[in-house]
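Analysis of the macromolecular model
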Amino acid sequence: MEIKGFLRRPQTLQPKFSLDVNVEEYIKQCRKYKYYNDLSNGFISHYSGTNKYFALYESYKRDKDVVDTNKFKVISVYNKLKNSELYDTDICKMGLAEVEGNYYLGIHFPKLFLTVVNDTRPAIELRDIYFYFIGSSINVFRTTVDAGNPDFIHPHVHGNFSSYCLGSSPLKMSLDNLHYQIDNFNEDDADIFWVNFYRTITQKTEHGDHYYALSKLGRTIDLEWGDFVKLIYNDEKFINTFHNYIKISTLPEEIAVSIDYDAIKKDFFNLFSYEATDVPDKTKLMEKYVKFDDVLIKHKKVTSIYKASRKMYSNIDRLLHTLLIDCAPLSLINNVFDDYKEKSKEPNNSGEQSTGQNQVFEFQVL
């Protein structure tokens, strides 16, 4: 009865991999699962002999390919590092990172503070940053990013889930040692690894090569057109005075319409600017399928991390120009102007020809 039950539902035997799994028991369970799964799908006809089921079982008992042994290297690395006195669970946590179905040793920092060497500026905060080891390299992703700098992961990282540029740093040597000489990796090596790891990810030279210039942090953000429209139409003063900032000039062949950008931005600075707290939090889908300690991470949070003084939205000029085109479409204005010029050439009531050059031409924009 037990075998029949497993044949109906072999998935009940599928083992769960974790960093604390018993390797020998996990291997046995993998082979058992594979055995019953293949039985349930009829993969036995190619086995000869009087007892095909026993032959199949014996083959899986010996077959090393049934188990992905790369997983065990993750456990070995974890065991080498977890007992170091320098592994501080108050600031980070090691866990099993699953990225696109592949397993890696990961390290999660809820908060990480990056300092620039020989610089007096405050440390730069990085939230929810994850490092995971791929061979002797490190990849990085974040699940909380800044609204003004959503593509900023770390100065040494090109983008989310990209590799960390290690160069010839001491951390690179520790990773090579951990990956290629793991059997000889001792407690002192583990302590040295953590020293190199903390130092590398938390310090940055001002003039060194990096993927993201730190001077960009705290930059202004764009305002969406829909949000801009809501903003201005809820401001009675703006609606009633916008036409005062429009400049109209008549040229020989056309009419030019523009906005006094400097004046309108000065008078409506509070309307066109924001505090960091004014920007609502948003969520976006993660770029890849990822789990950490068997918890699926589907979204990343976009929030205001880098507080700054009140700043004007970076695309206000473009939004005002779009508004001007909506309110005073130049093609329509110039078509009317062409008609006006044709009529002005016709004889007036006194029999004179009008050039139209000294005529006063008024448009009601709003």
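Residues numbered from 1 in each chain as written. Predicted model: local features only at pLDDT ≥ 70, side-chain atom pairs only at ≥ 80, totals over all residues. Heavy atoms only, no water.

**Quick notes on the packing of aromatic side chains**
Note the following rule: Whether two aromatic rings pair depends on their centres lying within 6.5 Å, for rings of Phe, Tyr and Trp, where Trp uses its six-membered ring; planes under 30 degrees apart make the pair stacked, over 60 edge-to-face, and the rest tilted. Partly exposed residues are those whose accessible area sits between 20% and 50% of the maximum for their type, while under 20% is buried and over 50% is exposed, using a 1.4 Å probe and protein chains only.
On inspection of all chains with the given rule, the structure shows 26 aromatic pairs. With a centroid separation of 5.3 Å and an interplanar angle of 75°, the aromatic rings of Phe193 and Trp194 are classed as edge-to-face. As far as the burial class goes, Phe193 and Trp194 line up, both buried. With 6.1 Å between their ring centres and 70° between their planes, Tyr245 and Phe268 make a pair best called edge-to-face.

**Quick look at the pairing of strand 14 (residues 299–303)**
Put simply, the test is: The criterion for strand pairing is that DSSP finds at least two bridges linking the strands in question. Here a strand is any run of E in DSSP of at least two residues, a helix any run of H or I of at least four, and the numbering for each starts at the N terminus.
Of the pairings in the sheet, the one linking strand 5 (residues 144–146) to strand 14 comprises three bridges and is parallel in character. Residue Asp146 lies in a different strand from strand 14, and its bridge partner there is Thr303. Pairing between strand 11 (residues 282–285) and strand 14: four bridges, direction antiparallel. Paired with Lys284 across the two strands is Lys300, which belongs to strand 14.

**Focus on the sheet that holds strand 11**
Applied cut-off: Here an axis means a line fitted to C-alpha atoms, over the contact stretch when the element is a helix, while the angle between two N-to-C directions is reported on a 0 to 180 degree scale.
Pairing is mixed across the open sheet formed by three strands, whose spatial order is 5-14-11. Looking along the sheet, the strands with just one partner apiece sit at the ends: strand 5 and strand 11. Going across the sheet, the axis of each strand differs from the next one's by a mean of 35°, ignoring polarity.

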